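Descriptive structure summary
Residue strings, one per chain:
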Amino acid sequence: MAMAFKMATTRMWVTDECKTSFMEMKWKKVHRFIVFKIDEASRLVTVDKVGGPGEGYDELAASLPPDDCRYAVFDFDFVTTDNCKKSKIFFIAWSPSASRIREKMLYATSKEGLRRALEGIHYDMQATDPTEMGMYVIKDRAK
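Read on for an overview of the structure. (Residues numbered from 1 in each chain as written. Predicted model: local features only at pLDDT ≥ 70, side-chain atom pairs only at ≥ 80, totals over all residues. Heavy atoms only, no water.)

Our next topic: the overall build of the chain. Scanning the chain from terminus to terminus reveals 4 helices and 7 strands. Listing every helix and strand of the chain by position from the N terminus yields β-β-α-β-β-α-β-β-α-β-α. Projecting the C-alpha coordinates of the chain onto the three principal axes gives extents of approximately 50 × 35 × 25 Å. Within the span of the chain, comprising 143 residues, buried residues form 45% of the whole. Summarising the internal contacts of the chain: among those between residues at least 6 apart in sequence, 58% fall at separations of at least 24. For the chain, the computed accessible surface area is about 7700 Å², with 53% contributed by carbon and sulfur atoms. Side-chain charges of the chain comprise 23 positive and 21 negative groups, with the mean position of each set lying 5 Å from the other. (Helix = DSSP H or I, 4+ residues; strand = E, 2+ residues; numbered from the N terminus. Buried < 20%, exposed > 50% of the residue type's maximum accessible area, 1.4 Å probe, protein only. Contact = heavy atoms within 4.5 Å. Areas by Shrake-Rupley, 256 points an atom, 1.4 Å probe, with all protein chains shown as cover. Lys, Arg positive; Asp, Glu negative; His and termini not counted. Charge placed at Lys NZ, Arg CZ, Asp CG, Glu CD.)

Right, let's get into the environment of Phe90. Topologically, Phe90 is positioned in strand 6 (residues 85–94). The exposure class assigned to Phe90 is buried, which follows from its relative accessible area of 0%. As a C-alpha pair, Phe90 and Ala72 span 18 residues in sequence and 8.0 Å in three-dimensional space. Setting aside anything within four residues of it in sequence, one finds Phe90 in contact with Ala72, Val73, Phe74, Phe76, Ile121, Tyr123, Met125, Ile138, Arg141 and Ala142.

To continue, consider unusual backbone geometry. Residues other than glycine seldom take positive phi values, yet Arg43 does so here, at roughly 60°. The phi torsion at Asn83 lies on the positive side, around 65°, for a residue other than glycine. Overall, Asn83 belongs to the exposed group, its relative accessible area being 65%.

Glancing now at the layout of surface pockets. Its volume calculated, the largest pocket comes out at about 150 Å³. Forming the boundary of the largest pocket are Phe76, Phe78, Val79, Thr80, Thr81, Lys139, Ala142 and Lys143. It is strand 5 (residues 70–79) that provides the largest number of residues to the lining of the largest pocket, a total of 3 residues. Classifying every residue of the lining of the largest pocket by side-chain character gives 4 nonpolar, 2 polar and 2 charged. (1 Å grid on protein atoms, 1.4 Å probe; cavity = no way out; pocket = protein on both sides within 12 Å on 5 of 7 lines; lining within 4 Å. Points joined across faces, edges and corners; volume = space filled by probe spheres on them. Nonpolar A, V, L, I, M, F, W, Y, C, P; charged D, E, K, R; others polar.)

Looking now at the nonpolar core. Membership of the largest hydrophobic core comes to 22 residues, with the highest contact counts inside it found for Phe22, Phe36, Tyr71, Val73 and Leu114. For this core, the elements supplying multiple residues, two or more each, are strand 2 (12–15), helix 1 (16–28), strand 3 (33–39), strand 4 (44–51), strand 5, strand 6 and helix 3 (101–117). Take this core: its biggest share by element is 4 residues, from helix 3. Beyond its immediate stretch of four places on either side in the chain, Phe36 contacts Cys18, Val45, Thr46, Val47, Asp48, Arg70, Tyr71, Val73, Leu114 and Leu118. Val35, Ala72, Trp94 and Ala127 belong to the second-largest nonpolar core, a separate cluster that totals 19 residues. (Core = buried A, V, L, I, M, F, W, Y, C linked by side-chain atoms within 4.5 Å.)

To continue, consider the side chain of Arg70. Tracing the backbone shows Arg70 in strand 5. There is a polar contact of 3.0 Å between the side chain of Arg70 and the side chain of Asp48. Once you skip the residues sitting within four places of it in the chain, Arg70 turns out to touch Val35, Phe36, Lys37, Asp48, Leu64, Pro65, Ile92, Ala93, Trp94 and Tyr107. (Polar contact = N/O pair within 3.5 Å; in protein donor to acceptor, adjacent residues only side chain to side chain.)

Tallying each qualifying case throughout the model produces 7 salt bridges. Note that Asp75 and Lys29 form a salt bridge whose closest N and O atoms lie 2.8 Å from each other. Of this pair, Asp75 sits in strand 5 while Lys29 sits in the loop between helix 1 and strand 3, and the two are 46 residues apart along the sequence. Classification of Asp75 by relative accessible area gives buried; the value is 1%. Taking relative accessible area as the criterion, Lys29 reaches 36% and is therefore assigned partly exposed. Close ionic contact of Asp124 with Arg115 constitutes a salt bridge, the shortest N to O distance being 2.8 Å. Judged by relative accessible area, which is 24%, Asp124 ranks as partly exposed. Within this structure, Lys37, Asp48 and Arg70 form a network of salt bridges that share partners. (Salt bridge = Lys/Arg side-chain N within 4 Å of Asp/Glu carboxyl O.)

This is the structure:
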């Protein structure tokens, strides 16, 4: 299996699939969101779920488990007050209160490495429950 990027601080690897899926979302707009997870046994960051172009924020929120950490990227399209179409990519670090402490620490220390591997992210968000990453928060940050 080809590895794209090693995260030195945690000895985690980001798979090529992660970078390829992100580039497809960013340039080809074939995905609306991507959810990533860490496989602790193999020390790999992998793609957990990909949302198609017709899916939206609600499907992203529903795909985040209530008791496990995940990373997600969301491509948010909007129209500015000047009537210009824009797109901003959000990186979301999902760390719910019900997840294990070890898992929270692993995701917290691996976050920067994955974020560096995915070039072109506009905004970072940290969320422990759905209200911290609600659509109103995303709209407010994208202004």
